[in-house]
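The residues making up each chain are set out below.
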Amino acid sequence: APPAAAPPSARAASVAPAPHGPYGTGTRPRPRTPPTDRAMQSSPECYTMNDASDYRGSVNASAWGLPCRRWDLVPADRNFSAAEFPDAGLEGNLCRRPGSTGPHCAWCYVIGEARHERQCCDVGLPQPSCD
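(A) How the structure looks around the overall build of the protein chain. Scanning the protein chain from terminus to terminus reveals one helix and two strands. In the protein chain, the succession of α and β elements from N to C terminus is α-β-β. In the protein chain, the share of contacts with a sequence separation of at least 24, taken over all contacts with a separation of at least 6, comes to 64%. Carbon and sulfur atoms make up 56% of the accessible area of the protein chain, which totals about 7,200 Å².

(B) Seen up close, the packing of aromatic side chains. Applying the stated rule across the entire model yields eight aromatic pairs. Ring geometry for Trp71 versus Phe80: centroids 6.4 Å apart, planes at 70°, classification edge-to-face. Centroid distance Phe80 to Phe85: 5.6 Å. Interplanar angle 25°. Geometry classified as stacked. Among the aromatic residues, those joined into a ring-pair cluster are Trp71, Phe80, Phe85, Trp107 and Tyr109.

(C) View of the nonpolar core. Residues Tyr47, Ala52, Tyr55, Val59, Leu66, Cys68, Cys95, Ala106, Cys108, Val110, Cys121 and Val123 constitute the largest nonpolar core, which totals 12 residues. Contacts of Cys121, omitting those with residues within four sequence positions, involve Val59, Ala61, Ser62, Ala63, Cys68, Cys95, Ala106, Trp107 and Cys108. Judged by nonpolar contacts, the second largest core, of nine residues, contains Ala88, Leu90, Trp107 and Tyr109.

(D) Summary view of the state of the cysteines. Applying the stated criterion across every chain, the model contains four disulfides. Disulfide pairing places Cys46 opposite Cys130 at an S-S distance of 2.0 Å. An S-S torsion of about -85° defines the bridge between Cys46 and Cys130 as left-handed. Pair noted here: Cys46 is in the loop between α1 (38–41) and β1 (107–110) and Cys130 is in the segment after β2 (117–120), with a separation of 84 residues, a long-range link. Residue Cys130 is classed as partly exposed on the basis of its relative accessible area, which comes to 32%. With a sulfur-sulfur separation of 2.0 Å, Cys95 is cross-linked through a disulfide to Cys121. Between Cys95 and Cys121 the disulfide shows an S-S torsion of about -80°. By sign, it is left-handed. Of this pair, Cys95 sits in the loop between α1 and β1 while Cys121 sits in the segment after β2; the two residues are 26 residues apart in sequence, bridging distant segments of the chain. A residue is classified by how much of its surface remains accessible, and Cys95, at 0% relative accessible area, is buried.

Cut-offs applied
- Residues numbered from 1 in each chain as written.
- Predicted model: local features only at pLDDT ≥ 70, side-chain atom pairs only at ≥ 80, totals over all residues.
- Heavy atoms only, no water.
- Helix = DSSP H or I, 4+ residues; strand = E, 2+ residues; numbered from the N terminus.
- Contact = heavy atoms within 4.5 Å.
- Areas by Shrake-Rupley, 256 points an atom, 1.4 Å probe, with all protein chains shown as cover.
- Phe/Tyr/Trp six-rings, centres within 6.5 Å; stacked < 30°, edge-to-face > 60°.
- Core = buried A, V, L, I, M, F, W, Y, C linked by side-chain atoms within 4.5 Å.
- Buried < 20%, exposed > 50% of the residue type's maximum accessible area, 1.4 Å probe, protein only.
- Disulfide = S-S within 2.5 Å.

Structure (structure tokens):
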């Protein structure tokens, strides 16, 4: 068998792979083009922190393509709620890094082998500034 493929980004290497192979579906996701143009710097997808703690974009699936769970449906023992982290943007099922905790990336909970596991999301690269 060929060796396992590397994760889609270096940040994603810090979390457990999705079930059924490293990408969850057996297919490798297309790599994203690093966002560096002026349009990206003025979009809601723009963020500047290396750990993505200021990411407030619309990505709602893990880097392996699994849908994110809604933050308000994650069990209370996971300790992440909009009330606890009012500035973290924990709306719906969007990728975030609340309280600069968890993997060193924007992440979300997915239903995996370990129920409600954290997985990084592919939100591109941080920008020098966002307008």
